[in-house]
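Secondary and tertiary structure notes
Residues per chain are reported as follows:
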Amino acid sequence: MPRSAAELAHRLAREAEAVCRHYLSNGRRVGNYWLVGDVRNTSGRSMFVRLKPKGMDGRPAGKWTDAATGEHGDLLDVIRESCSLVDFHDVANEARRFLSLPRSEPKSDGRSRPPSVPTGSPESAWRLFGMSQPIAGTVVETYLRGRGITNLHGIDSLRSHPRCYYRPEVDAATEIWPAMIAAVTDLKGHITGAHRTWLDPSGRDKASVDTPRRAMGYLLGHAVRFGPAGDVMAAGEGIETMLSLRCIMPTMPMAAALSAAHLAAILFPAALRRLYIARDDDRAGDGAVAGLFDRAQSAGIEATVLSPQCGDFNEDLRNFDIDALGAALRIQLTLEDVGRFLIAGV
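The shown structure was predicted, so the numbers you read here are calculated from the model rather than taken from an experiment.

Focus: the overall build of the chain
Looking only at helices and strands, the chain has 12 helices and 14 strands in total. Every one of the 346 residues in the chain was classed for burial, and the buried ones make up 52%. For the chain, long-range pairs separated by at least 24 residues make up 56% of all intrachain contacts whose partners lie at least 6 apart in sequence.

In structure tokens form, the structure reads like this:
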């Protein structure tokens, strides 16, 4: 069993082409190199991995360089970045799984690579978001459009990861699925956490796992934000719920708190004067709305509850159409905001 990172990297290098075909599947072989966009498995040709050593003293197999960024490393780095792993223990276990070697004991060998960050921390959330890519042309775009969400402009807080690490339980086997990655930010725009929605590779639905949605990092008071904060904003629980409202109010700043408990505790921007609370039609949603409504009123902020006809506004969008959703919201908004935010013709 490999006792060090160097020995594990050496074993991977013996299977360099197989490693590339598995973890850098968007690339292809050209001569003695595997060409791909980057170490996160983006399509392209700027990164090249040597598949076989060159001479006795030449560059060894498994080493890679990204000509566009200057990044370089070995196949352990490929596994770490392409699988969105943070702790070396997880990287080593994934490498051993690929090589059909025994899993390591849950202790460090003292040679972690690179500097590790605590699992579930804001740092690991920031790293995961950085590993991901824009959603255009990805399974995430397919998923959102399948839920009736067609306005995908200005949602840089969402990204796509084609091979996101999923572990059902601590000791369970690791699975890899595509995922929608959402940045959770504070009022200054700093990333404090991330939310993952694992998806079926077809994009038709969420992945067939027990918990297809999970969050990491610091969430309390923060949110997934669409648009810069202003004097008016809307807040609700789900990402898809708020994106549905953006289809008919694309310029209104919106925030998805990710759960009823976190919605009740969301922090208010300093300039906020009017808050629309998107209600989910269930007991937890009603409790969150009541708590947030009282907090807003106490802070001198005018609060208005927006109620869906079905369970939430994404259900409304899918079960009816955008015109019906617009008509239902028109009578719930203030007259000033109808003219200011609601798109013409609905």
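Describing the packing of helix 2 (residues 16-23) against helix 4 (residues 88-99)
Contact geometry of helix 2 with helix 4 gives a least axis separation of 12 Å together with a crossing angle of 110°. Put simply, helix 2 runs roughly perpendicular to helix 4. In this structure, the crossing between helix 2 and helix 4 has a hand that is right-handed. In this structure, helix 2 contributes Ala 18, Val 19, His 22 and Tyr 23 to the contact, and helix 4 contributes Glu 94, Arg 97 and Phe 98. Among the residues making up the contact of helix 2 with helix 4, the classes are represented as 4 nonpolar, 1 polar and 2 charged.

Some details on the packing of helix 1 (residues 5-14) against helix 4
Where helix 1 contacts helix 4, the axes come no closer than 11 Å and their chain directions differ by 35°. Of the two elements, helix 1 crosses helix 4, and the hand of that crossing is left-handed. For the pair helix 1 and helix 4, contact is made by Ala 5, Leu 8, Arg 11 and Leu 12 and by Phe 88, Ala 92, Ala 95, Arg 96, Phe 98 and Leu 99, respectively.

Some remarks on the pairing of strand 11 (residues 232-236)
When you tally the buried positions in strand 11, you get 5 out of 5 residues, the bulk of the element. The alternating pattern of strand 11 places Val 232, Ala 234 and Gly 236 and Met 233 and Ala 235 on opposite faces, both of which are buried. Across 4 bridges, strand 11 lies against strand 13 (residues 274-278) in parallel orientation. From the neighbouring strand, Val 232 faces strand 13, where its bridge partner is Arg 274. By the bridge criterion, 3 bridges tie strand 11 to strand 12 (residues 254-256) in an arrangement that is parallel. By the bridge assignment, Ala 234 is partnered in strand 12 with Met 254. The handedness of the strand 11 to strand 12 crossover, carried by helix 7 (residues 239-246), is right-handed.

Topic: the environment of Asp 210
Following the sequence through the fold, Asp 210 ends up in the loop between strand 8 (191-198) and strand 9 (213-217). In this structure, the C-alpha to C-alpha distance between Asp 210 and Pro 168, residues 42 residues apart in sequence, is 7.1 Å.

Topic: the sheet that holds strand 6 (residues 158-166)
Strands sit in the order 6-7-8-9 across an open sheet of 4 strands; the sheet is antiparallel. The open sheet has two edge strands, strand 6 and strand 9, and neither has a second partner. Within this sheet the neighbouring strands show an average axis-to-axis angle of 30°, counted without direction. Taken together, the 7 bridges between strand 7 (residues 175-185) and strand 8 define a ladder with antiparallel strand orientation. Residue pairing in the sheet places Val 184 in a bridge with Gly 193 of strand 8.

Thresholds applied
- Sequence positions are assigned chain by chain, starting from 1 and proceeding in written order.
- For a predicted model such as this one, the threshold for reporting local features is a pLDDT of at least 70, and the threshold for listing and counting side-chain atom pairs is 80 or more; totals across whole chains, interfaces and linings nevertheless cover every residue.
- Side-chain figures throughout are based on the complete set of non-hydrogen atoms in the structure, without hydrogens or water.
- Helix and strand assignments follow DSSP, with helices taken as H or I runs no shorter than four residues and strands as E runs no shorter than two, numbered in order from the N terminus.
- Exposure classes here rest on a 1.4 Å probe applied to the protein chains alone. A residue is buried below 20% of its type maximum, exposed above 50%, and partly exposed in between.
- Here, residues are in contact when the closest pair of their heavy atoms is within 4.5 Å.
- As a rule, the C-alpha atoms of each element are fitted with a line to give its axis, helices using only the stretch in contact, and angles between N-to-C directions run from 0 to 180 degrees.
- Convention used here: angles under 35 degrees read as roughly parallel, angles over 145 as roughly antiparallel, angles from 65 to 115 as roughly perpendicular, and any remaining angle as oblique.
- Handedness of a helix crossing follows the sense of rotation of the near helix relative to the far helix, less than a right angle counterclockwise being left-handed and clockwise being right-handed.
- Nonpolar residues are Ala, Val, Leu, Ile, Met, Phe, Trp, Tyr, Cys and Pro. Charged residues are Asp, Glu, Lys and Arg, and all others, Gly as well, are polar.
- We call two strands paired when DSSP finds no fewer than two bridges between them.
- Handedness of a crossover is defined as follows: with both strands directed away from the viewer, a clockwise route from the first strand across the helix to the second makes it right-handed.

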